[in-house]
Amino acid sequence: MAITATVDLGNGVSKASCYIIVPTAYVKKYDDNSFKLIYDVHIYKDATDRATNSQAKQIPCKEVDHHKITYDPTTSDNPFKLAYADLKTNSSLSSVSDA
């Protein structure tokens with residue numbers, strides 16, 4: 001699973017048609033019995049750069065790279081599916097579509 005989007009990199013700079021994946025997503029229970037879905041995001045210029053799986057080819061963007069959201073443990077949805085759904089609503093991304 002992956003998405004493509006235009007990424008706002010800050011300072012008026014954006015990159016169109018980036019290839020974006022969620023390589024890790026996990027649920028963590030905190031001491032106050034709350035649950036959080038934590039996921040990381042890798043942004044690449046295109047699918048070809050992603051195919052190399054090289055960290056040097058990743059495009060850093062602090063507003064997109066790492067997320068922690070509230071998680072409902074009674075949900076039956078896959079954490080990766082929830083992570084992608086949340087990522088699609090990120091304000092630093094536009095023209096989002098499934099890849």
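To start, this report covers the structure provided alongside it. (Residues numbered from 1 in each chain as written. Predicted model: local features only at pLDDT ≥ 70, side-chain atom pairs only at ≥ 80, totals over all residues. Heavy atoms only, no water.)

Overview of the overall build of the protein
Going by this rule: In this description a helix means any DSSP run of H or I spanning at least four residues, a strand means any run of E spanning at least two, and both kinds are numbered starting from the N terminus. Two things to know: the radius of gyration comes from C-alpha atoms, and the globule rule equals 2.2 Å times the number of residues to the power 0.38.
Helices and strands together make up the secondary structure of the protein, namely three helices and five strands. Scanning the protein from its N terminus toward the C terminus, one meets helices and strands in the order β-β-β-α-α-β-α-β. Against the 2.2 N^0.38 benchmark of 13 Å for 99 residues, the protein shows a C-alpha radius of gyration of 14 Å, consistent with a compact globule. Taking the principal axes of its C-alpha atoms as reference, the protein extends roughly 40 × 30 × 25 Å.

Side note on the environment of A85
Within the secondary structure layout, A85 lies in helix α3 (residues 79-87). Sequence separation between A85 and V27 is 58 residues; the distance between their C-alpha atoms is 15 Å.

Considerations on the sheet that holds strand β2 (residues 13-29)
Threshold: When DSSP finds two or more bridges between a pair of strands, those strands are recorded as paired. An axis is simply a line fitted to the C-alpha atoms; with a helix, the fit covers only the stretch in contact. Between two such axes, the angle follows the N-to-C directions and lies from 0 to 180 degrees. Here a residue-residue contact requires only that any non-hydrogen atoms of the pair lie within 4.5 Å.
If you trace the five strands from one edge of the open sheet to the other, you get β4-β3-β2-β1-β5, paired in antiparallel fashion. Two strands lie at the open edges of the sheet, namely β4 (66-70) and β5 (93-98), each paired on one side alone. Ignoring which end each strand starts from, the neighbouring axes of this sheet average 40 degrees apart. Strand direction decides the pairing type here: strand β1 (residues 3-10) and β5, joined by four bridges, are antiparallel. From the neighbouring strand, T4 faces β5, where its bridge partner is S97. Seen against the sheet, α3 touches β1, β2, β3 (35-44), β4 and β5 and runs at an angle of roughly 140 degrees to β2.

Some points on the pairing of β1
Note on strand geometry: in a regular strand, side chains alternate between the two faces of the sheet. Sheet analysis places β1 next to β2, joined by six bridges and oriented antiparallel. The residue bridging I3 from the neighbouring strand is I20, located in β2. Counting the residues between successive antiparallel strands, the hairpin from β1 to β2 contains two residues, one of them, N11, with a positive phi of roughly 55 degrees.

What about unusual backbone geometry?
The condition that has to hold: Exposure classes here rest on a 1.4 Å probe applied to the protein chains alone. A residue is buried below 20% of its type maximum, exposed above 50%, and partly exposed in between.
The backbone of N33 shows a phi angle near 65 degrees, a positive value even though the residue is not glycine. Here N33 lies in the loop between β2 and β3. According to the relative accessible area criterion, N33 is exposed, its value standing at 53%. Phi angles above zero are rare outside glycine, and S95 is one such case at about 55 degrees. With a relative accessible area of 60%, S95 lands in the exposed category.

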